[in-house]
Amino acid sequence: MKRFYVFKDGTQVGSTATKDQAIYMIHQHQALETHPLLRAEFSMIEGEEEFVPYPTKQKAPRKKQDMER
């Protein structure tokens, strides 16, 4: 699934499904800027979102010798 990641001064502030939504998000953040000298740098990166599952934990079977004492 393609995503557009929005960054403000190198910190991720959100992600969207389309480029138009990412630009809209940037414009919303820019509208909140209060002073021309304190303006932030905005950028976006197009990427592929992939979820990586945790590996399954399988316990090794215990030997009969270990259980008896």
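The structure reproduced in this document is the subject of the present report. (Residues numbered from 1 in each chain as written. Predicted model: local features only at pLDDT ≥ 70, side-chain atom pairs only at ≥ 80, totals over all residues. Heavy atoms only, no water.)

Under the definition given, this model contains three salt bridges. When the shortest N-O distance is used, the salt bridge between Glu46 and Lys2 registers 3.9 Å. Note that Glu46 is positioned in strand β3 (residues 42–48) and Lys2 in strand β1 (residues 2–8), a separation of 44 residues in sequence. Owing to a relative accessible area of 48%, Glu46 belongs among the partly exposed residues under this scheme. Since its relative accessible area comes to 49%, Lys2 is described here as partly exposed. Ionic pairing is found between Glu33 and Lys8, a salt bridge with its closest N-O pair at 3.8 Å. Of this pair, Glu33 sits in the loop between α1 (19–31) and β3 while Lys8 sits in strand β1, placing them 25 residues apart in sequence. We classify Glu33 as partly exposed; its relative accessible area is 23%. Overall, Lys8 belongs to the partly exposed group, its relative accessible area being 29%. (Salt bridge = Lys/Arg side-chain N within 4 Å of Asp/Glu carboxyl O. Helix = DSSP H or I, 4+ residues; strand = E, 2+ residues; numbered from the N terminus. Buried < 20%, exposed > 50% of the residue type's maximum accessible area, 1.4 Å probe, protein only.)

Keep in mind these numbers describe shape, not what the thing actually does.
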